[in-house]
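Residue-level listing of the chains:
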Amino acid sequence: MDQNAPLPIAALRPFGRPPSAGEFAYRALREAILVLTLAPGAVLSRAALAAQLGLSQTPVREALMRLQAEGLVEVVPSASTRVARIDLASAREALFLRRAIELETVRHLAEAPPTGLRAGLQEHLREQRRLLEGGDHDAFAAADDAFHAELHAAAGVAGLWDLAQARSGHLRRLRRLHLPAPGKAAAILAEHEALAGAILAGRVEAAVAGLRRHLSDTLGRIAEIQARHAGYFTEASEAPLSR
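*Asks:* Which parts of the structure should I look at to understand the sheet that holds strand β3 (residues 81-83)?
*Replies:* Hydrogen bonding along the main chain pairs the strands of a sheet, whether they run parallel or antiparallel. Read from one edge of the open sheet, three strands run β1-β3-β2, paired in antiparallel fashion. Looking at strand neighbours, the two that pair on one side only are β1 (43-44) and β2 (73-75), the edges of this open sheet. In this sheet, β3 lies alongside β1 in antiparallel orientation, the contact comprising two bridges. In the strand pairing of β3, Val-43 is matched with Arg-82. Sheet strands in contact with helix α3 (residues 57-69) are β1, β2 and β3, and its direction is about 110° off that of β2.

Okay, structure coming up:
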């Protein structure tokens, strides 16, 4: 992909317009970065983005400043604005946070599976099977997130899922790079099925161990991912992460 080429109008996903133009721009640009429509290192033109989103440059500038604070955009005064490359130290921190939250969430659910959880998880798994068969990686990634969000909601800690996701920009892009690898999506579905089964059967330690394996796989394959996507990572991200 030519990082200096203009972006196609369709590259930015539409959202139902939230209350402010700045929030709309932020959500649209953040989503495009997370699903890699805006690739790491891509040059961002404020004027072009404003035209694509149908906004003035002011809300786009506000959105870019928010994304810069999250480490997803690099704004250099009097120079170019670019999508930040993936930083593995940030990915490591995000995984630490997510693992801490989600291991306790799964343990809590397995100790006393809530009424109605079975139906919700089964519906998520059916949807993931359908998307796996269709080969839609973007939709499958969203369904993957929805499955985990369902676990947090069932445990009464939906806000903690939102917190982890807000801090997981680098980790989410890393996982999105890994998803198209042969067999990866099928493995995710199999791991979700095993995790759901352990939770619903009240097998606490099996559920916890399954989730730990599930969250660690991508980070154990950093060298492969970097080899396939040279230039997408910061120079300080050369060394593999520990699992």
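*Asks:* Could you clarify how one ought to interpret the packing of helix α1 (residues 21-34) against helix α8 (residues 169-178) in this entry?
*Replies:* The axes of two packed helices give the description: the angle between them and the distance between them. Between α1 and α8, the shortest axis-to-axis distance is 9 Å and the interhelical angle comes to 45°. Compared by their axis directions, α1 and α8 come out oblique. Residues Arg-30, Ile-33 and Leu-34 of α1 lie in contact with α8, whose contacting residues are Gly-169, Arg-172, Arg-173 and Arg-176. When the residues that make up the contact of α1 with α8 are grouped by side-chain class, the tally is two nonpolar, one polar and four charged.

*Asks:* Sorry, what's going on with the nonpolar core here?
*Replies:* The nonpolar side chains of a soluble globular protein tend to be buried with one another. One finds Leu-151, Leu-174, Leu-195, Ile-199 and Phe-233 to be the most contacted residues of the largest nonpolar core, which totals 42 residues. Those elements giving two or more residues to this core turn out to be α4 (88-111), α5 (117-134), α6 (137-154), α8, α9 (184-200), α10 (204-216) and α11 (222-228). Setting aside chain neighbours within four positions, we find Ile-199 in contact with Val-106, Leu-109, Ala-110, Pro-113, Leu-117, Leu-151 and Ala-207.

*Asks:* I keep staring at the packing of α4 against helix α7 (residues 158-166) and nothing clicks. Help me out?
*Replies:* Taken N-terminus to C-terminus, the directions of α4 and α7 make an angle of 165°; their axes are 9 Å apart at the nearest point. Judged on the interaxial angle alone, α7 and α4 are roughly antiparallel. Viewed along their axes, α4 and α7 form a crossing whose handedness is left-handed. In this structure, α4 contributes Leu-97, Arg-98, Ile-101 and Glu-102 to the contact, and α7 contributes Leu-160, Trp-161 and Ala-164. Residue classes in the contact of α4 with α7 are distributed as five nonpolar, no polar and two charged.

What counts as what
Counting restarts for each chain: residues are numbered from 1 in the order of the written sequence. The model is predicted, so local features are restricted to residues of pLDDT at least 70 and side-chain atom pairs to those at 80 or more, both for listing and for counting; the totals for chains, interfaces and linings are taken over all residues. Hydrogens and water are ignored here; the side-chain numbers use all heavy atoms of the structure. Strand pairing is assigned whenever DSSP identifies at least 2 bridges connecting the two strands. Helical segments are the DSSP runs of H or I of at least four residues, strand segments are the runs of E of at least two, and each set is numbered from the N terminus. By the convention used here, residues are in contact when the closest approach between their heavy atoms is within 4.5 Å. All axes here are fitted lines through C-alpha atoms, helices being fitted over the stretch that makes contact, and every angle between N-to-C directions spans 0 to 180 degrees. Throughout, the term roughly parallel applies to angles under 35 degrees, roughly antiparallel to angles over 145, roughly perpendicular to angles from 65 to 115, and oblique to all others. Note on residue categories: nonpolar means Ala, Val, Leu, Ile, Met, Phe, Trp, Tyr, Cys or Pro, charged means Asp, Glu, Lys or Arg, and polar means any other residue, Gly included. What is meant by a nonpolar core is a set of buried Ala, Val, Leu, Ile, Met, Phe, Trp, Tyr and Cys residues, joined one to another through side-chain atoms within 4.5 Å. Note on classification: 1.4 Å probe, protein chains only; a residue is buried when its accessible area is under 20% of the maximum for its type, exposed when over 50%, partly exposed between these limits. In this scheme the handedness of a crossing depends on how the near helix is turned from the far one: anticlockwise by less than a right angle means left-handed, clockwise means right-handed.

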